[in-house]
Amino acid sequence: MPKPYDATVKDLAAQEPAGFVACFDGPTDRCVTLLNVDLSTVTTAADVVFGIGEPLAEILHLDAQAGPSATKHLDVLAYNALLHRQYRVPVRSIVLLLREQAVHPNMTGRVEYATRPERGRMDFGFEVIRLWEIPAEQLLRSSLATAPLAVLGKLPEALSLEEALATVVRQLAQRLERDAAGGQADRLMTAAYILTGLRLKAPDQVRQLFQGVPIAMRESVTFQAILEEGREEGRVEELHRVILRLGRVRFGEADEATRSEIEAIRDIETLEELSERLVMVSSWAELLA
C-alpha cells in the first residue's frame, strides 16, 4: 500500500489494537496486542499483525490496500505461512481495500493451484473487506482508532460527495473532542485528513473540509501543521499546472520525461523561478537546463 496511507493505518492500529480487531474481525474478550514482526525473508513487511490471547492463541494479519496489485494475493499467502511458521498458531489474513480503485481481478480471497493429480495442491483462503461498503455511520460509532476510517466508508447517496464528507468530518471532530485526549485527538484527525486524500484529489478540497471542524480542533498545533502542509501541497500542484499549461502554449506539449521532471520539483521557490523563466527561454530543455 503506497505511503502515506500505509503508515496512517499502522498508526491507527497501534493506538487501539483491540478496537481495530473488533471492527474488522469481531469482538473478543481475549488480550489483543500489536506484534512487532520481522519477516526478514520477504522484501516488504506485513502491514499490521495482531496477537490474540495470552498466551498467544491466534494471529490476525491485516493488509490495507489503496491501489490495485496483481500479486498481493501471493504476498498474503507468503505472510500467512511465514507468520504461522514463526509463531506456530493459526493465522487469519484480511485484505482491507481502502477504495474501489484497489480492486483487482486476482483479489478473490483464494490462492489455489496444483501441479499433477495426487502430487499435492495449494488451497488458501483469506478475507477481502471493501471499506467503502461499510456505512460511515457504523465506523464513526466504532472504536476511536477506527473512527477516522469513516471518511472512506459508505456515504449517504442523497448528498453530494463533498456534503457527505463534510458531515462525516464534523461528526468525527465532535466525537474526538468528546472522547479523545488532546494528543490522541490530533493524531486521529490527522489520520482522517490524510485518508480523505484517497477520496478527494484536490488538496484545496480536503483543506476546506477540515477548516470546518470545531474551534478547539482548529487551534491544535498539530492540526494547524497539516493544514499548512496541505496549503503548500496545493500551491505546488497549482505551479505544476501553470508551468505545463503556459509551456504548452510556447513550446508545445511536454513529453513524459519533461512532465515527470517538472512534477518531481516540490520546492515552491524553484517552481516560481521556472514560471518566471518561461518568457525568457525557447524550449523545455532550455527551461530545465
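Right, let's walk through the structure included here. (Residues numbered from 1 in each chain as written. Predicted model: local features only at pLDDT ≥ 70, side-chain atom pairs only at ≥ 80, totals over all residues. Heavy atoms only, no water.)

We now examine the side chain of His240. Tracing the sequence through the fold places His240 in helix α9 (residues 221-251). When its relative accessible area of 6% is taken as the criterion, His240 is described as buried. Here His240 is in contact with Ile262, Glu263, Ile265, Arg266 and Leu271, once residues within four sequence places are set aside. (Helix = DSSP H or I, 4+ residues; strand = E, 2+ residues; numbered from the N terminus. Buried < 20%, exposed > 50% of the residue type's maximum accessible area, 1.4 Å probe, protein only. Contact = heavy atoms within 4.5 Å.)

Right, let's talk about the sheet that holds strand β4 (residues 91-97) for a bit. One open sheet holds the 5 strands; their spatial order is β1-β2-β3-β4-β7, and the pairing between them is mixed. Each edge of the open sheet is held by one strand with a lone partner, namely β1 (32-34) and β7 (127-130). Shown here is a sheet whose adjacent strand axes are inclined to one another by a mean of 25°, direction ignored. Here strand β2 (residues 48-52) runs beside strand β3 (residues 58-65); their pairing, made up of 5 bridges, is antiparallel. (Pairing = 2+ DSSP bridges. Axes fitted to C-alpha atoms, helices over the stretch in contact; angles between N-to-C directions.)

The next point concerns the side chain of His73. Structurally, the position occupied by His73 is in helix α3 (residues 72-87). According to the relative accessible area criterion, His73 is buried, its value standing at 12%. Here the side chain of His73 touches Ala70 through a polar contact of 3.4 Å, landing on its backbone oxygen. When neighbours within four sequence positions are excluded, His73 is seen to be in contact with Asn106, Met107, Val111 and Phe126. (Polar contact = N/O pair within 3.5 Å; in protein donor to acceptor, adjacent residues only side chain to side chain.)

The buried fraction of β4 is high, at 6 of 7 residues. Judged from the 7 bridges that link them, β3 and β4 form a sheet pairing that is parallel. Residue pairing for β4: Leu60 is matched across the bridge by Arg92. Each parallel crossover has a hand, and for β3 linked through α3 to β4 it is right-handed. Both β4 and β7 contribute to a ladder of 4 bridges, which runs parallel. Bridging from a neighbouring strand, Leu96 pairs with Ile129 of β7. (Right-handed = clockwise from strand over helix to strand, strands pointing away.)

Most often, soluble globular proteins have nonpolar side chains that are buried together. Counting residues in hydrophobic clusters, the biggest one holds 53 residues, and the most contacted among them are Phe20, Phe24, Phe50, Leu98, Leu131 and Phe210. Residues Ile243, Val281, Trp284 and Leu287 belong to the second largest nonpolar core, which totals 14 residues. (Core = buried A, V, L, I, M, F, W, Y, C linked by side-chain atoms within 4.5 Å.)

This part takes up the environment of Val91. Structurally, Val91 is set in strand β4. The buried category is assigned to Val91, whose relative accessible area is 16%.

A separate point is the pairing of strand β5 (residues 110-114). In this structure, β5 lies alongside strand β6 (residues 121-125), joined through 5 bridges in antiparallel fashion. Across the sheet, the residue bridging to Ala114 is Arg121, located in β6. Between β5 and β6, which pair antiparallel and follow one another directly, the connecting turn spans 6 residues, one of which, Glu118, has a positive phi of 65°.

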